[in-house]
Structures are given as C-alpha cells and as structure tokens.
Amino acid sequence: MRSTFAGLSIASSGLFAAQRALDITGHNISNANTRGYSRQRLNQAAQDPMSIVGGQGQLGLGVKMQFISQVRDEMLDIKYRTEVNTLGEWEEKYNSISQIEAIFNEPTDTGIRKVMDNFFEGLNSLSKDPSSPTTRAVFIQSAVALAQNFNHMTDNFEKMIRDANEEVESSVRSINSMASQIARLNKQILEAELDGSRANDLRDARNLLIDDLSKLVDIQVKEVPISNGNSSTLSILIQGTPLVNHTDTNVLELETDQDHPMYKDGLDAIPPRTDLSTIRVSNIKWATGSSLDQTKLGGTIGGQLQ
C-alpha cells in the first residue's frame, strides 16, 4: 500500500521542477544581451512509476529533473564559422582597396588623372612652342607636380604595407591569446563534466572564443568524446596542425625583419629592382617548426597578408 504522503511527494516534485525552470528562465532573461550566450532549458521526465498490485497498471510518482541543456545547433556553428571566416578575409580586402582608392584620390580635381592630364597638356604646348618661357615654366611646374604626386603615392603605399604588417603581428598575438584561453576553458569544462553535468556557461565562453578565432584564421574544430561519455576533449587545427590540443597549445611565432615578397620578385626582373629593399615585414611560422602556408590562412589575417 502506498504512503499517504505520496500525493504530497508528487506535488512537491512538480513545484521543485517548476522552481528550477523559473531559475533557468531568469538566467536566460538576465543574459538576453550577453554576447555568445545560448538559451538554456530544463529537461524533465516522469519519475519511475510504482506498479499496482493485481495488474491494475502503474501509478505515476511525479516529475524528475534530468539536466540543463543548451538550445544550440552544432551544424549552425559550423556554417557560421565558415562564413565569418570569409567575412573576415573580405573585410580586410575591402579596407585595403578603400585605402588604395583614397591614395589615388579619384575621381577628383586633385587626383592622379588630373595631374597626368596637366603634364601631357603642358608637354603638348611645349612641343608647339618650345621657345616660350611661359610654356616651359608651365610644363616644368606640371612635371614637378606629377613627380611629387608619384612620390606621395609611393610613401602612402609603403606606409600601407607597414600598417598591414603591424596588423598581422597583432592578429598573431590575438590568435595565441585566444588559444591559451580556450585551452584553460577545456580543462575547466572537462573537470566540471566528469560527473555527468553540463558546463553550459563555460561552453558558451569557449564557443564565443572559437567564433572570434574563426574570423581571424581558418580553423578546424574537433571534439572527441572521452571514454565515460560524460564529456569530451576539443582540439583546434590550422592546416592540419593543432593550435590547441585540449589543454596544450602550439603557438604561432613571428619571424621579423624579412624581405617583402615583391622585393624578391623584383630581383628577378631585368634590370633588377631593389626599391622595396627598405620595407621589412614579418613572416608567420609554428613555434615547433611545422610547415605553414601563409597564403592559405584565410580569415582576417589572410586578408591582411594578401
């Protein structure tokens, strides 16, 4: 015969489950504007029923709380990271093209086209009346203006290369910093989930870092369940080489004071060109010496390198 308090026990299980659900709802509302937060919900199931003697069926004993889960789609995570990587690369290309457009300053009355038009007009006038002092003075002035314009453009382009190189160095530092933070979160998540719990907020923090990292550089994320099935290890790879191997990191290094790629191409020209010999740039490599193709890094840093 069942206890006279069974009805109260059923009612209290519902109240406790509702209270826990309200706590989670409050947590969701509080984090409505938190970047990277994933909505959470309480998963519930019926308590194990009690069999009634005489084959009359089973008597329900209320509700039990199973676990708190995230409302998040891993497939959408993969798609987002692919697209945001492309966005990061093209944003950098757009910024560079905008700077080039500003250097050429076209179409305006002070742009390169106008300066060149003035030069050729002066040259045409000089060819018709080479003995005129006024014509010669106008031509010299237009030639000086053209030379100054070219020199100004060259200075701006060289500054643009140096600025882009500083951005590359900053991106490498950001990648290494994010890798270290992800490795620390991997350790915390594994420790929190060994008893079967789900470290939702820690996973949100890690996913946000991975999202930001995927915009900087093209990465592959691999999550492998561990033997007990309660948690998993996570690795992040760049071109097949681990940047993060669960709790370990393999950092990127900068090889500074290197020749600009266009300078190396200029040496093969006839006659050789050495006008970019003063521009020094940084190359990226793995600290372990593993091979790295800079032309295929993708993302923000790939756009900066290009």
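One can find the structure itself at the top, above this paragraph.
A few points on the structure. Predicted model, so just to flag it, every value in this text is computed and none were measured.

### So, unusual backbone geometry
Of note, the amide linkage connecting Glu106 to Pro107 takes the cis form, showing an omega dihedral of -5°. With respect to the helices and strands, the residue Pro107 is situated in the loop between helix H2 (74-104) and helix H3 (112-128). Even without a glycine there, the phi angle at Asn105 is positive, about 55°. Among the secondary structure elements, Asn105 is positioned in the loop between H2 and H3. Even without being a glycine, Gln239 presents a positive backbone phi close to 55°. In this structure, Gln239 sits in the loop between strand E6 (232-238) and strand E7 (241-245).

### A look at the sheet that holds strand E8 (residues 248-249)
Strands sit in the order E5-E6-E7-E8 across an open sheet of 4 strands; the sheet is antiparallel. A single partner strand is all that each edge strand has here, and the edge strands are strand E5 (220-225) and E8. Sheet analysis places E5 next to E6, joined by 6 bridges and oriented antiparallel. Across the sheet, Val221 pairs through a bridge with Ile236, a residue of E6. Its contacts with the sheet place helix H4 (residues 133-193) against E6, E7 and E8, and it is angled at close to 55° to E7.

### Some points on the packing of H2 against helix H5 (residues 200-216)
At their nearest, the axes of H2 and H5 sit 7 Å apart, and the two run at 40° to each other. Comparing the axis directions of H2 and H5 gives the class oblique. Contacts between H2 and H5 involve Tyr80, Arg81, Val84, Asn85, Leu87, Gly88 and Glu91 from the former and Asn207, Ile210, Asp211, Ser214 and Lys215 from the latter. Within the contact of H2 with H5, the residues separate by chemical class into 4 nonpolar, 4 polar and 4 charged.

### Here's the deal with the layout of surface pockets
Taken as a whole, the largest pocket encloses approximately 1000 Å³ of empty space. Forming the walls of the largest pocket are 37 residues, and the residues nearest its centre are Ile161, His260, Met262, Leu305 and Gln306. Those elements giving two or more residues to the lining of the largest pocket turn out to be H2, H4, helix H6 (261-267), strand E10 (280-286) and helix H7 (299-305). A per-element tally of the lining of the largest pocket places H4 first, with 12 residues. Computed from the structure, the second largest pocket encloses a volume of approximately 620 Å³. In terms of lining residues, the second largest pocket is bounded by 28 residues, among which Glu74, Asp77, Arg81, Asn207 and Glu223 are the most central. Those elements that place two or more of their residues in the lining of the second largest pocket are strand E4 (63-70), H2, H5, E5 and E6. Counting residues per element, the lining of the second largest pocket draws most heavily on H2, at 6 residues. Split by residue class, the lining of the second largest pocket holds 7 nonpolar, 11 polar and 10 charged.

### Focus: the environment of Phe139
Mapped onto the elements, Phe139 comes out in helix H4. Sequence separation of Phe139 and Phe119 is 20 residues, and the distance between their C-alpha atoms is 6.6 Å. In this view, Phe139 contacts Phe119, Gly122, Leu123 and Leu126; residues no more than four positions away in its chain are not counted.

### Details of the pattern of salt bridges
A side chain of one charge can pair with a side chain of the opposite charge when the charged atoms of the two come close. As enumerated under the stated definition, the model contains 16 salt bridges in all. One salt bridge in this structure joins Glu91 and Lys215, with 3.2 Å as the shortest N-O distance. Note that Glu91 is positioned in helix H2 and Lys215 in helix H5, a separation of 124 residues in sequence. One salt bridge connects Arg280 with Asp257, and the closest N-O pair in it is separated by 3.0 Å.

Conventions used here
Starting afresh in each chain, residues are numbered from 1 along the sequence in its written order. Side-chain atom pairs in this predicted model are given and counted only at pLDDT of 80 or more, local residue features only at pLDDT of at least 70, and totals for whole chains, interfaces and linings cover all residues. With hydrogens and water stripped out, all remaining heavy atoms of the structure feed into the side-chain values. Helix and strand assignments follow DSSP, with helices taken as H or I runs no shorter than four residues and strands as E runs no shorter than two, numbered in order from the N terminus. Here the rule is simple: two strands pair whenever DSSP picks up at least two bridges between them. Any two residues having at least one pair of non-hydrogen atoms within 4.5 Å are treated as being in contact. Between N-to-C directions, angles span 0 to 180 degrees; the directions come from axes that are lines fitted to C-alpha atoms, helices contributing only their stretch in contact. Should an angle lie under 35 degrees it is considered roughly parallel, over 145 roughly antiparallel, and from 65 to 115 roughly perpendicular; all remaining angles are considered oblique. In this classification, the charged set is Asp, Glu, Lys and Arg, the nonpolar set is Ala, Val, Leu, Ile, Met, Phe, Trp, Tyr, Cys and Pro, and all remaining amino acids, among them Gly, are polar. Buriedness of a pocket was judged along seven lines, with at least five required to meet protein on both sides within 12 Å; pockets are open sets of points on a 1 Å grid over the protein atoms alone, cavities are sets where a 1.4 Å probe fits but cannot get out, and lining residues have an atom within 4 Å of a point. Grid points are joined across faces, edges and corners, and a volume is the space filled by probe spheres set on the points. The working definition used for a salt bridge is a side-chain nitrogen of Lys or Arg within 4 Å of a carboxyl oxygen of Asp or Glu.

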